[in-house]
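Descriptive analysis of the structure
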Amino acid sequence: MSDIHSFGNPGESRVRHVEMDLTVDFESKKLRGAAALALEPAGRRLILDTRNLTIQRVNGSASAFRLGEAVKHLGAPLEIELAAGTRSVLIEYETSPEASALQWLQPAQTAGKRHPFLFTQSQAIHARSWIPLQDSPGVRVTYSARIQAPAPLTALMSAARVREGHFHLPQPVPPYLIALAVGDLKFHPVSGRCGVWAEPVTLAKAAREFEDVEKMVAAAERLYGPYRWGRYDILVLPPSFPFGGMENPRLTFATPTVIAGDKSLVALVSHELAHSWSGNLVTNAAWRDFWLNEGFTTYIERRIQEEIYGRRRSEMEFAVEVGELETEMKGLPPGDQKLLIDLAGRDPDDGATLVPYVKGALMLRALEEKHGRERFDRFIRGYFDKFAFQSITTEQFLEELERAFPGEDLSRWLNEPGLPPDAPKIRYDFEEAPSRRWATQEWLHWLRSMPENTGAARLAEIDRTLDLTNSGNAEILTAWLLLAIRAGYEPAMPRLEQFLVEVGRRKFVKPLFEALVKTPAGRARAEAIYRKARPGYHPITQSAVDGILAGK
Ligand code: BES
Ligand code: ZN
């Protein structure tokens with residue numbers, strides 16, 4: 001199977017192991033060093049993916065390679081002629097300050113404000129901007145690394161720390177799971193195999209928020225078989241991390257905005273942990289099969305939450321997600337409402353809507369309801385065992401499904417827009433009147449069902465009793481600020497500006513700017529805020545907001 005988002009030629013020469021030796025230079029915002037690639041098979045030609053890399057030498061020679069023209073979304077192919085019998089190549093290179101996988105933070109952009117910070121985000125096709133390799137989820141590699149970082153900073157990777165600065169991951173993974181973070185980081189153990197890494201000022205509250213993590217791993221193991229990665233730790237990043245979480249093996253990367261103080265947003269940990277089965281163990285072969293990663297993971301996230309916090313809470317969380325899916329789907333072209341989407345000529349990040357997540361999870365829920373939990377759980381468990389450490393297509397999943405449940409037909413889910421008429425209904429009876437005991441999801445349901453034309457006077461009244469403008473919960477605050485923008489509720493605007501300058505999580509930043517640009521006064525405010533906020537945002541969030549302000 002070939003991958004339209006990679007120039008790699010794994011059929012001819014395939015990268016199996018990557019050994020990195022990199023120095024982290026905060027001054028020039030560059031990683032510098034070398035990557036040694038082991039090949040099997042090794043043909044006479046090797047093609048790798050790169051993006052904005054400066055290649056200095058290949059196998060000691062400054063001329064034994066050809067860097068092709070860059071192609072939109074994909075970067076540039078690196079072609080290397082191999083002498084007969086050559087089974088490894090050594091590439092000396094450095095990254096560019098614009099590398100799409102890297103975010104270099106000034107001390108002021110961290111929680112502690114004293115030390116710089118670097119982190120990578122390789123999914124979907126950004127690994128090529130910091131490592132020259134065959135950047136397709138179908139080409140799995142093991143890796144080892146030596147990372148030289150300035151004292152007193154700590155380097156962490158999605159791998160075992162053999163000793164300080166030295167890493168090794170013996171399990172073969174897709175390149176999008178290779179990750180690095182460097183900062184003033186300290187560790188707090190939660191159990192024998194789980195713990196939390198964070199900047200010192202964040203560590204204690206993070207460890208408290210995530211104290212159920214060992215229970216989550218144990219619950220997932222009961223459902224889907226052994227956790228195969230050794231440790232499971234969580235790294236809390238600075239607030240500009242553009243995502244909620246990223247399932248880097250052994251070390252989930254997480255936004256600090258899930259630390260609500262009451263564990264109400266920890267489903268994110270269940271989600272990233274679930275990827276240890278769906279995604280990291282059994283991986284989508286190409287980005288068109290993304291629902292295999294995220295739909296399964298969203299389904300398993302619900303199952304883990306149910307084990308730990310009960311059916312009621314899990315259904316409530318699911319109901320909120322389905323509401324979000326329905327809202328988002330209204331604005332999506334029909335092609336993007338299918339589970340199997342056509343990404344030809346597009347950036348795979350464009351496919352990361354709620355469709356693969358929530359529609360995918362609903363499809364699996366439909367199978368569970370039809371065939372019964374016991375049989376369906378047995379099927380999933382067998383699926384993970386059979387395809388462990390492999391990258392598979394939707395068609396391979398369907399073959400396996402056919403064996404277990406002959407005649408099962410998912411084509412309406414996979415190839416038609418919208419939800420099938422017989423899609424499962426997720427029911428939860430939300431209370432009508434707000435109460436201080438409400439969980440985050442109840443607030444979200446209430447705020448999102450408020451009429452579009454709710455005026456500033458009504459918001460002022462609500463704020464007087466509930467003080468939502470000062471909510472420390474990023475989900476509730478975002479839902480509230482959206483109402484405030486629409487209503488022109490001025491007292492919330494300083495908080496809006498403070499939040500947008502501090503937090504770079506795309507999920508919050510994007511809808512807030514979208515709401516702002518709908519009126520001329522809002523647009524002026526958006527531009528003023530963005531001038532302050534943009535330098536602190538990750539390239540992924542920057543490009544989302546650039547597009548909104550350019551009217552795209
Ligand atoms: N793997 C994704 C994040 C991702 C997807 C990064 C596509 C780049 C491209 C991660 O597991 C995820 O889904 N994160 C969610 C949180 C989750 C609880 C829905 C996020 O970041 O919002
Ligand atoms: Zn995910």
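Numbers given to residues run from 1 along each chain, matching the order in which its sequence is written. The lettering of chains begins at A and the numbering of ligands begins at 1, in the order of writing. Given that the model is predicted, a residue must reach a pLDDT of at least 70 before its local features are reported, and side-chain atom pairs must reach 80 or more before they are shown or counted; all residues, however, enter totals for whole chains, interfaces and linings. Calculated side-chain values reflect all of the structure's heavy atoms, with hydrogen atoms and water omitted.

With respect to the site of ligand 1
The condition is simple: In these notes, residues near a molecule or strand are those with any non-hydrogen atom within 4 Å of it. Distance and chemistry together define a polar contact, namely a pair of N or O atoms within 3.5 Å, with one atom able to donate a hydrogen and the other to accept it when in protein, and with adjacent residues in sequence counting only for side-chain atoms on both sides. Secondary structure elements are defined from DSSP: runs of H or I of at least 4 residues count as helices, runs of E of at least 2 residues count as strands, and each element is numbered from the N terminus. Polarity classes work like this: nonpolar for Ala, Val, Leu, Ile, Met, Phe, Trp, Tyr, Cys and Pro, charged for Asp, Glu, Lys and Arg, and polar for all others, with Gly in that last group. Domain segmentation is taken from an automatic or database assignment of domains.
Lining the immediate surroundings of ligand 1 are 16 residues, of which Gln123, Gly244, Glu247, Glu272 and Tyr357 lie closest. Within the backbone of glycine 244, a nitrogen or oxygen atom sits 2.6 Å from an oxygen atom of ligand 1. Here an oxygen atom of ligand 1 sits 2.9 Å away from a polar atom, N or O, in the side chain of histidine 275. Put simply, the parts of the chain that give the shell around ligand 1 at least two residues each are strand S18 (245-246), helix H3 (267-274) and helix H4 (290-309). No other element matches H3, which puts three residues into the shell around ligand 1. The residue inventory of the shell around ligand 1, partitioned by class, reads five nonpolar, six polar and five charged. Two domains each donate at least three residues to the shell around ligand 1, and these are domain 2 (185-276) and domain 3 (282-429).

What about the pairing of strand S13 (residues 166-173)?
Short version of the rule: At least two DSSP bridges between two strands are required for those strands to pair.
Summarising the sheet, strand S10 (residues 141-148) and S13 pair through five bridges and their orientation is antiparallel. Bridge pairing in S13 links tyrosine 143 to leucine 169. Two elements, strand S12 (residues 160-163) and S13, share three bridges in a ladder whose sense is antiparallel. By the bridge assignment, alanine 160 is partnered in S13 with histidine 168. The turn joining S12 and S13, which pair antiparallel and follow one another in sequence, is formed by two residues; a positive phi near 80° is taken by glycine 165.

As for the side chain of glutamine 305
As a reminder of what qualifies: In this description, contact between two residues means that some pair of their heavy atoms is separated by no more than 4.5 Å.
Along the polypeptide, glutamine 305 turns up in helix H4. Reaching out from glutamine 305, the side chain makes a polar contact with the side chain of serine 270 at a distance of 2.6 Å. Non-local contacts of glutamine 305, meaning those with residues more than four positions away in its chain, are made with Met216, Val266, Ala267, Ser270, Gly310, Arg313, Ser314 and Glu317.

A few points about helix H15 (residues 520-533)
Turn by turn, an α-helix covers 3.6 residues, leaving residues three or four places apart pointing in a common direction. The test is simple: Between the first and last residue of a helix there are one fewer steps than residues, each counted as 1.5 Å, and that sum is the expected span. Burial classes: relative accessible area under 20% of the type maximum marks a residue as buried, over 50% as exposed, and values in between as partly exposed (1.4 Å probe, protein chains only). Taking the helix axis as origin, the arc is that swept by the directions to the C-beta atoms.
Its 14 residues place the ends of H15 20 Å apart at the C-alpha level, agreeing with the 20 Å of an ideal helix rising 1.5 Å per residue. Of all the residues in H15, the buried ones are Gly522, Ala526, Ile529, Tyr530 and Ala533. Along the long axis of H15, the arc covered by the buried residues comes to 105°, so they all point the same way. Away from the buried face of H15 by more than 90 degrees, exposed residues Pro520, Ala521, Arg531 and Lys532 are located.

Observations regarding the sheet that holds strand S5 (residues 65-67)
The following threshold applies: Angles here are taken between N-to-C directions and fall from 0 to 180 degrees, while the axes themselves are lines fitted to C-alpha atoms, restricted in helices to the stretch in contact.
Overall, antiparallel pairing links the three strands, which are arranged S3-S6-S5 in an open sheet. Bordering the open sheet on either side are strand S3 (45-50) and S5, each of which pairs with just one other strand. For this sheet, the mean inter-axis angle between neighbouring strands, taken without regard to orientation, is 20°. Examined bridge by bridge, S3 and strand S6 (residues 76-81) share six bridges and lie antiparallel to one another. The residue of S6 that forms the bridge with aspartate 49 is proline 77.

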